[in-house]
Amino acid sequence: MKLKNTWPKYYKRDVVTHYCPGCGHGIVHRIVAEVLEELDLGGRAICVNPAGCAVLAYLYFDFDVIESAHGRGTAIATGVKRSRPDLFVFTYQGDGDLSAIGTAETIHSANRGENIAVIFINNAVYGMTGGQMAPTTLIDMKTTTTPAGRDPKYDGYPLHITEVVAQFPGVVYAERVAIDSPTGIRKTKKAIAAAFQTQVDGLGYSIIEVLSPCPTNWKQSPVDSFKWVSEVMTTEFPLGVLTDKRSRKG
Amino acid sequence: MNKVFISGNHAFGEAAIRAGCSCYFGYPITPQNELGEYMAEHMRAAGGVFIQSESETAAINMVIGAAATGARAMTSSSSPGISLKQEGISFLAGFELPAVIVNVMRGGPGLGNIAPSQGDYFQATRGGGHGDYRTPVFAPASVQEIADLTYHAFDIADRYRTPVMMLSDGMMGQMKEPVVFPEKIKELPKKEWALKGRGDGPSRYMCSLILDVMEMERHNWKLVRKYAEIEKDEVRYEPYLIDDAEIIVIAYGTTARIAKGAIKRVRKDGVRAGMLRPITLWPFPKKALAELSARVKQFVVFEMSTGQMLEDVQIALAGKADIMFHGRPGGVVPTPIEFSRIIYREYQKVTKKDK
């Protein structure tokens, strides 16, 4: 077997990343670009960027991108897709964006069964603003706004938004994956491909939650942070397919 | 050309469809519900998109999405809902995306009430959301004007790539009048900037995040140049009996209609009163007012607010004439008799000065 190291068509070359060493965004960005190429969707793709670290994803994505106000991604995606159903539309959002400030937009776009795909990066923390508690922050996890650790009696519990929307009839495909290992990365790519194909087939809404490391704000080394995803995060957020209604609608 | 008897809220919708608006997103709020209902029935029938959104915030963001693809898009609401849309309006301004936003104003602040009011003047004319931007604002004073100006608003929005606000109120929205609608638009303007997927060309992005402060400053000055053009070319107002007037009323929308009644009344008694009715609130007809102040020394400002447009009148007149303000905030609709009493009283000051 020959090792291949090809550059995805829809990923910009010669740019310097702004992401921290060990950050998961770069891996997921590349997966997205690869899947768009393999499904031949890059030419008619519109990505809706979040507010958060990935607000700058357009520096790397070599397909059309529109930025959104914090949390409003799926509302913008709804406007794009309804106006131009022939375009391929997906959002790329973080946990604060999608499951705190954008919860209403997330739930209602899912409940309408919008024919869009949602890539949901869960790193249990607000990254860009410097490591505050996110809705997905684990119990006892220290952040800048839970300095003694998240106390569920005071700060509430980790929010499982993908489980919430997975039960909606309009949500056709929902899966939680983790980019914690080469196997995890391959599974993530397969899940994102399934979500994108769901839209191509006109079946409706899909969401892929990706557990992703944030070593800077977790105050861990990149290696430790990948281990933490596997060993700790997945105990709160178990991996797997949360709903698959593709055959029902197909 | 058929004349139809139609309410203001329905006229907003019909005019938008005729202007080629293909996407409407909205959330129920009184007193503008009939507009969303009209769109639910007629927009889908016309092959367009209607979505009852989960919130005002979602609605304006759906507008952003549709506008980004080049579609003519609209949302509507009433005062509290317009506050919720301000985030999105700021983004539209930053993105330089065209859209039309209808505000059928009601009494405030807070939840206020559902009666007609003009308390959102500041919010509409000063941008409303965060950041350095302006929004063209049209203030119709009849259902016919609702139809004409809504149709025109889509052209202004596209020409200048800016959100445009229709500033109306519960009375304008609920009132029925005979209207002749503009013909349905045949060809929409080409929008090279719209996102449509990169195809085989270079990829593009639409963003309002500009971290480089010098570049952000350039973007701000670019917007200012656009606003200067709008201020130069798009001012609209209606002069009413001003040629021989010794006292001039400044009022817009519903208040201007009532003031017209009052002026007709006092004219019968020989009071030489007239009115300058701003049709665009931003850009405000500053120049027209300044010119009038060379001749007329007494102005009366009527508003259904505690005095918001008043400040624009003060700026325009720059101390060169006396201004009397009479406002009825909170949803109270004044009467022509009430206004005529004010005009009589202020007119006496003018005639005393003459002696």
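Residues numbered from 1 in each chain as written. Chains lettered and ligands numbered in written order. Predicted model: local features only at pLDDT ≥ 70, side-chain atom pairs only at ≥ 80, totals over all residues.

S.K.: What's the story with the overall build of chain B in this structure? I'm lost.
M.R.: The number of helices and strands found in chain B is 12 helices and 15 strands. Here chain B has a C-alpha radius of gyration of 21 Å; the compact-globule value for 355 residues is 20 Å, and the two agree. Reported as C-alpha extents along the three principal axes, the dimensions of chain B are approximately 80 × 50 × 40 Å. A buried classification covers 55% of the 355 residues belonging to chain B. Taking contacts inside chain B between residues at least 6 apart in sequence as the whole, the part at least 24 apart equals 80%. (Helix = DSSP H or I, 4+ residues; strand = E, 2+ residues; numbered from the N terminus. Rg over C-alpha atoms; globule rule 2.2 N^0.38 Å. Buried ≥ 20, exposed ≤ 12 C-beta atoms within 10 Å, placed from the backbone. Contact = placed C-beta atoms within 7 Å.)

S.K.: Help me understand the overall build of chain A, please; the structure alone is not making it clear to me.
M.R.: Within chain A, the regular secondary structure consists of 10 helices and 9 strands. Relative to the 2.2 N^0.38 estimate, which gives 18 Å for 250 residues, the radius of gyration of chain A is 17 Å and therefore close to what a compact globule would have. In terms of its C-alpha atoms, chain A occupies a principal-axis envelope of roughly 50 × 45 × 35 Å. For chain A, buried positions account for 56% of its 250 residues. Within chain A, contacts between residues separated by at least 24 positions form 68% of all contacts whose residues are at least 6 apart in sequence.

S.K.: Where do I start with the sheet that holds strand β10 (residues 237-240) of chain B in this structure?
M.R.: Across a sheet, paired strands are connected by hydrogen bonds in the backbone, their directions being either parallel or antiparallel. Residues and elements named next belong to chain B. Strand order across the open sheet formed by 5 strands is β10-β12-β11-β14-β15, with mixed pairing between neighbours. Edge strands, defined here as strands with exactly one partner in the open sheet, are β10 and β15 (322-327). Shown here is a sheet whose adjacent strand axes are inclined to one another by a mean of 20°, direction ignored. In terms of strand pairing, strand β11 (residues 247-250) meets strand β14 (residues 298-303) through 4 bridges, oriented parallel. Across the sheet, I250 pairs through a bridge with V301, a residue of β14. Most of the contacts of helix α9 (residues 253-267) go to strand β12 (residues 273-278), to which it runs at about 165°, and overall it touches β10, β11, β12 and β14. Along the sheet, helix α11 (residues 309-317) makes contact with β11, β14 and β15, crossing β14 at roughly 160°. (Pairing = 2+ DSSP bridges. Axes fitted to C-alpha atoms, helices over the stretch in contact; angles between N-to-C directions.)

S.K.: Honestly, the packing of helix α2 (residues 73-83) of chain A against helix α4 (residues 103-111) of chain A in this entry has me stumped. Any pointers?
M.R.: Helix-helix packing is described using two parameters, namely the angle between the two axes and the distance between the axes. Residues and elements named next belong to chain A. At a minimum axis distance of 7 Å, the contact between α2 and α4 shows a crossing angle of 40°. What the angle tells us is that α2 and α4 run oblique. Mapping the contact onto sequence places T74, A75 and T78 in α2 and E105, T106 and S109 in α4. Each residue belonging to the contact of α2 with α4 can be placed in one class, and the counts come to 1 nonpolar, 4 polar and 1 charged. (Parallel < 35°, antiparallel > 145°, perpendicular 65-115°, else oblique. Nonpolar A, V, L, I, M, F, W, Y, C, P; charged D, E, K, R; others polar.)

S.K.: For this particular structure, what's the right way to read the interface of chain A and chain B?
M.R.: It is common to give the size of an interface as the accessible area lost on bringing the parts into contact. The interface of chain A with chain B comprises 28 residues on the first partner and 32 residues on the second. Of all the secondary-structure elements, those providing two or more residues to the side of chain A that touches chain B are β1 (45-49), β2 (64-67), α2 and α4 of chain A. No other element matches the 8 residues that α2(A) contributes to the side of chain A that touches chain B. Residues of the side of chain A that touches chain B, tallied by class, amount to 14 nonpolar, 6 polar and 8 charged. Judged from the 2 bridges that link them, β2(A) and strand β9 (residues 205-206) of chain B form a sheet pairing that is parallel. Bridging from a neighbouring strand, V65(A) pairs with Y205(B) of β9(B).

S.K.: Which parts of the structure should I look at to understand the sheet that holds strand β4 (residues 117-122) of chain A?
M.R.: One open sheet holds the 8 strands; their spatial order is β9(A)-β7(A)-β8(A)-β4(A)-β3(A)-β1(A)-β2(A)-β9(B), and the pairing between them is mixed. In this open sheet, the two edge strands, each paired with only one partner strand, are β9 (240-244) of chain A together with β9 of chain B.

S.K.: Is there a simple way to explain the nonpolar core in this structure?
M.R.: A general feature of soluble globular proteins is that nonpolar side chains tend to end up buried together. One finds I119(A), V100(B) and V249(B) to be the most contacted residues of the largest nonpolar core, which totals 186 residues. Viewed by domain, this core spans two of them, domain 1 (3-188 + 203-233) and domain 2 (237-354) of chain B, each represented by three or more residues. The contact partners of V249(B), leaving out residues within four places of it in the chain, are A259(B), I263(B), A273(B), M275(B), V300(B), F302(B) and I343(B). (Core = buried A, V, L, I, M, F, W, Y, C linked by C-beta atoms within 7 Å. Domains from an automatic or database assignment.)

S.K.: Where do I start with the confidence of the model for chain B in this structure?
M.R.: Detailed reading of predicted coordinates is not advised where the pLDDT is low. Looking at chain B, pLDDT values average 97 and 99% of them are 70 or higher. Scoring of the predicted complex yields 0.97 for pTM and 0.96 for ipTM. (pLDDT = per-residue confidence, 0-100.)

S.K.: Would you take a moment to explain the environment of G127(B) for this structure?
M.R.: Residue and element names in this part refer to chain B. On the secondary structure map, G127 appears in the loop between α5 (121-125) and β6 (137-138). Of the residues examined, G127 has 19 C-beta atoms within 10 Å and is grouped as partly exposed. Each C-alpha atom of the pair G127 and P163 lies 10.0 Å from the other, and the pair is 36 residues apart in sequence. Discounting chain neighbours no more than four positions away, the residues touching G127 are Y133, R134 and T135.

S.K.: I'm lost on the domain arrangement of chain B in this one. Help?
M.R.: Residue and element names in this part refer to chain B. Under the domain assignment, chain B is made up of domain 1 (3-188 + 203-233) and domain 2 (237-354). Here domain 1 and domain 2 have C-alpha centroids that lie 28 Å from each other. Each partner contributes to the interface: domain 1 provides 28 residues, whereas domain 2 provides 22 residues. If you list the elements that add at least two residues to the side of domain 1 that touches domain 2, you get α5, β6, β7 (163-169), α7 (170-174) and α8 (213-233). It is α5 that provides the largest number of residues to the side of domain 1 that touches domain 2, a total of 4 residues. Of the residues contributing to the side of domain 1 that touches domain 2, the split by class is 15 nonpolar, 9 polar and 4 charged.

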